[in-house]
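Observations on chain architecture
Residues per chain, in single letters:
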Amino acid sequence: MPTLSFILPDGRRHDVQAPIGISVMEAAKQHGIAGIVALCGGACACATCHVYVDTAWTRALAPIEEMEEGMLENAWNRRDSSRLSCQLPVTAQLDGLIVRIPERQA
Amino acid sequence: MTSRFIIIGGGQAGAQAVDTLRREGFAGDLVLVGAEEDLPYQRPPLSKKFLSGDLSAERLPFRHRSFYDEHRTDLRLGVRALRLERERRMVVLDDGGELHYDRLLLCLGAEVRRLTCPGAALEGVHYLRGIGDAVALRAAVRPGSRAVIIGGGYIGLETAATCRQLGCEVTVLEMADRIMNRVAHPSVSAYFSREHAGHGIRIECGIRVSGLSGSARVERVHCADGSSHDADLVIVGVGAVATTALAHDAGLACDNGIVVDEYCRTSDPQIYAAGDCTNHPSPRYGRRMRLESVDNAFEQAKAAAMNMLDRPVVHDRVPWFWSDQFDNKLLIVGMSGDADHAVLRGEPGTRSFSVCHFKDRELLALEAVNHSKDYMAARKLIAERAALDPARSADPAIPLREAV
């Protein structure tokens, strides 16, 4: 199972094992990672699972589609590395993925 | 002595209250009593990806069981609260036990409104509220099944789309003159009617169901105008009512929901309530409301938890809602009830447009069809009580925020 690392705004790091096929958001939620709210459960409807993805991983990610882009456009403190973690399926290539959690959501 | 908080109800609000209470440092005993056997889970996929088979049951719970263990939460699942004895501060359970509380949070949710017409109790008549309902429905749906759906609201239409994708012949019967009439602008209703028709779903509006018939199972749906529809299964989505019996029987004030104040307190200062079961004030909109929404359940439960910890937080959020039907996403933010006019922004023919609801120049609500950008902009503008130029907001080339 791939390991994903979540880094909280205060620098604390949580590593979780995530089965292939679920989303990065679901892995965070199941383990109760603070700051991943994901109210809509992955419908790309709330922008409360916003993360910053370590740039080394950008190319391994599913591309940003229009709905996600629109959600991110007005998200709190958007950066180039911003993604909605519900739109990132866990794959074998993402083993070791590092994502940072913003100080607030939406 | 350690204080004990009890949460009754294991839905979105109940699960969130556990999270907030522990994260904010509640060190006492915490018990969550839930009538369903399952770990607290998400309901929205039940009419969509869970029903279609795209999301398995293991992916429905909000949290793993280990989360509740780590947060020292005593989960009493499959257990119902029978009554509250407020003088003794006691919850009486249907497993024979009773639990003392120092503070209590009621997250009782809502229950489906049931048909009362002749034939309503026949086999093959489905409702959709819990996992069990969705499992039963999925087992009944086969390619070629004739599904008649009573009610053209969110549940009816989402279920219609999913059943169609699973190969059913689908008819939707709606009593009002258009689908989603309580929540959507006529142009949005018209758009979704066309989308459903384009996928081969028959929608009939202005139709009142007068009865169901069949020898053992439902075979036919009869309408007041004399028409009828053959059916292998019937799905009823005619709304929900707040679950209040427990509160009402204990003498708590109830009126279309458990009456709470802006601090989520019921008429008993030791008892709080959150989510679909509450009738709560909205400072933003200046009136009381009862909302059936994930977002309200989450936010109100957070506020209730803080108030239970004696850290006063007013529940005052702009509500939002979403619906997925085929490849369309409807996103609604705000409440349009007090609006005096609506402005169409963009062209429905492009499959991406919005409707802005104004009171004078103030944006009260926005409905976005496949337009997440307008929706996100509107969330901020509505919360800020921003004034816009309604005429300029009709131009989709101007970003909403700049339509001043």
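Each residue is numbered by its place in its chain's sequence as written, counting from 1. Written order decides the labels, with chains lettered from A and ligands numbered from 1. Only residues with pLDDT of at least 70 get local features here, since the model is predicted, and only at 80 or more are side-chain atom pairs given and counted; chain-wide, interface and lining totals rely on the full set of residues.

Overview of the nonpolar core
Residue and element names in this part refer to chain B. By convention the nonpolar core is taken to be a set of buried residues drawn from Ala, Val, Leu, Ile, Met, Phe, Trp, Tyr and Cys and joined through C-beta atoms within 7 Å. Residue burial here comes from a neighbour count, namely the number of other C-beta atoms, placed from the backbone, that lie within 10 Å of the residue's own C-beta, with 20 or more meaning buried, 12 or fewer meaning exposed, and in between meaning partly exposed. Ranked by internal contacts, the top residues of the largest apolar core, which has 154 residues, are Ala-17, Leu-105, Leu-106, Cys-107, Val-234 and Ala-274. Only DSSP runs of H or I covering at least 4 residues are called helices, and only runs of E covering at least 2 are called strands; the numbering of each starts at the N terminus. With nine residues, helix 8 (residues 294-308) is the largest single contributor of residues to this core. By definition, residues are in contact whenever their C-beta atoms, placed on the basis of the backbone, come within 7 Å of each other. Here Leu-105 is in contact with Phe-5, Ile-7, Ala-17, Tyr-272, Ala-273, Ala-274, Ala-304 and Met-308, once residues within four sequence places are set aside.

A closer look at the sheet that holds strand 9 (residues 125-126) of chain B
Residues and elements named next belong to chain B. Each pair of strands is called paired provided DSSP finds at least two bridges between the two strands. Taken in spatial order, the five strands make up an open sheet running 9-16-10-11-12, and their pairing is parallel. Looking at the sheet topology across the chains shown, the edges are occupied by strand 9 and strand 12 (202-205). Packing against the sheet, helix 5 (residues 154-165) makes contact with strand 10 (146-150), strand 11 (169-174) and strand 16 (233-236), and its axis sits at approximately 170° to strand 11. Under this scheme, a helix contributes an axis fitted over its contacting stretch, all axes are lines through C-alpha atoms, and angles between N-to-C directions fall in the 0 to 180 degree range.

A look at helix 5 of chain B
Residue and element names in this part refer to chain B. Look at helix 5: 17 Å from first C-alpha to last across 12 residues, which is about the 16 Å you get at 1.5 Å a residue. With respect to burial, helix 5 is a largely interior element, 10 of its 12 residues being buried. Of all the positions in helix 5, only Tyr-154, Ile-155, Gly-156, Leu-157, Glu-158, Thr-159, Ala-160, Ala-161, Thr-162 and Cys-163 are classed as buried. On the buried face of helix 5, the contacting elements are helix 2 (49-52), strand 10, strand 11, helix 6 (186-198), strand 16 and strand 22 (320-325). One fewer than the residue count of a helix, multiplied by 1.5 Å, yields its expected span.

Describing the interface of chain A and chain B
Contact residues are listed per partner, giving 18 residues for chain A and 22 residues for chain B. Looking at the side of chain A that touches chain B, the elements that each hand over two or more residues are helix 1 (24-30) and helix 2 (66-73) of chain A. The greatest single-element share of the side of chain A that touches chain B, amounting to four residues, is contributed by helix 2 of chain A. Polarity classes work like this: nonpolar for Ala, Val, Leu, Ile, Met, Phe, Trp, Tyr, Cys and Pro, charged for Asp, Glu, Lys and Arg, and polar for all others, with Gly in that last group. Split into classes, the residues belonging to the side of chain A that touches chain B amount to nine nonpolar, six polar and three charged.

Overview of the sheet that holds strand 24 (residues 341-345) of chain B
All names here are of chain B. The five strands lie next to each other as 22-23-26-25-24, forming an open sheet whose pairing is antiparallel. Looking at the sheet topology across the chains shown, the edges are occupied by strand 22 and strand 24. Between one strand axis and the next, the sheet turns through 15° on average, direction left out of account. This element, helix 9 (residues 372-383), spans strand 22, strand 23 (328-334), strand 24, strand 25 (353-359) and strand 26 (362-369) of the sheet and lies at about 160° to strand 26.

Some points on the pairing of strand 26 of chain B
All names here are of chain B. The element strand 26 is extensively covered by neighbouring structure, given that seven of its eight residues are classed as buried. Strand direction decides the pairing type here: strand 25 and strand 26, joined by seven bridges, are antiparallel. By the bridge assignment, Cys-356 is partnered in strand 26 with Leu-366. Counted along the chain from strand 25 to the antiparallel partner strand 26, the turn is two residues long, and its residue Asp-360 has a positive phi close to 60°.

Observations concerning helix 1 (residues 12-23) of chain B
Residues and elements named next belong to chain B. Its 12 residues place the ends of helix 1 17 Å apart at the C-alpha level, agreeing with the 16 Å of an ideal helix rising 1.5 Å per residue. Where burial is concerned, most of helix 1 is hidden: nine out of the 12 residues are buried. Buried within helix 1 are the following residues: Gln-12, Ala-13, Gly-14, Ala-15, Gln-16, Ala-17, Val-18, Asp-19 and Leu-21. Turning to helix 1, the residues buried within the fold contact strand 1 (4-8), strand 2 (29-34), helix 3 (65-70), strand 3 (73-77), strand 7 (103-106) and helix 8. Gly-25 sits one or two residues past helix 1 and shows a positive phi near 95°.

Focus: the packing of helix 2 of chain A against helix 9 of chain B
A pair of packed helices is characterised by two quantities: the angle between their axes and the separation of those axes. Direction vectors running N to C along helix 2 of chain A and helix 9 of chain B enclose 20°, while the axes themselves pass 7 Å from each other. In terms of orientation, helix 2 of chain A and helix 9 of chain B fall into the roughly parallel class. For the element pair helix 2 of chain A and helix 9 of chain B, the recorded crossing hand is right-handed. Residues A:Met67, A:Gly70, A:Met71 and A:Glu73 of helix 2 of chain A form the contact with helix 9 of chain B, whose participating residues are B:Ser372, B:Lys373 and B:Met376. In terms of residue class, the contact of helix 2 of chain A with helix 9 of chain B is made up of three nonpolar, two polar and two charged. Note on terminology: angles under 35 degrees are roughly parallel, angles over 145 are roughly antiparallel, angles of 65 to 115 are roughly perpendicular, and the others are oblique. Left-handed is the label given to a crossing in which the near helix is rotated counterclockwise from the far helix by less than a right angle, and right-handed is the label when the rotation is clockwise.

Things to note about unusual backbone geometry
The phi dihedral of A:Cys44 is positive, around 60°, even though this residue is not glycine. Given 21 C-beta atoms within 10 Å, A:Cys44 falls into the buried group. Here the phi dihedral of B:Arg72 falls at roughly 45°; this positive angle occurs in a residue that is not glycine. Overall, the presence of 13 C-beta atoms within 10 Å leaves B:Arg72 in the partly exposed class.

Here's the deal with the domain arrangement of chain B
Residue and element names in this part refer to chain B. Under the domain assignment used here, chain B contains domain 1 (4-43 + 61-111 + 241-308), domain 2 (125-236) and domain 3 (327-402). Taken together, the contact between domain 2 and domain 3 spans seven residues of the former and nine residues of the latter. The class makeup of the residues in the side of domain 2 that touches domain 3 is four nonpolar, two polar and one charged. Where a domain begins and ends is set by an automatic assignment or by a domain database.

Re the packing of helix 1 of chain B against helix 8 of chain B
Residue and element names in this part refer to chain B. Taken N-terminus to C-terminus, the directions of helix 1 and helix 8 make an angle of 40°; their axes are 8 Å apart at the nearest point. In terms of orientation, helix 1 and helix 8 fall into the oblique class. Relative to helix 8, the crossing made by helix 1 is right-handed. Contacts between helix 1 and helix 8 involve Gln-12, Ala-13, Gln-16, Ala-17, Thr-20 and Leu-21 from the first element and Val-294, Ala-297, Phe-298, Gln-300, Ala-301, Lys-302, Ala-304, Ala-305, Met-306 and Met-308 from the second. Across the contact of helix 1 with helix 8, the residue classes break down as 11 nonpolar, four polar and one charged.

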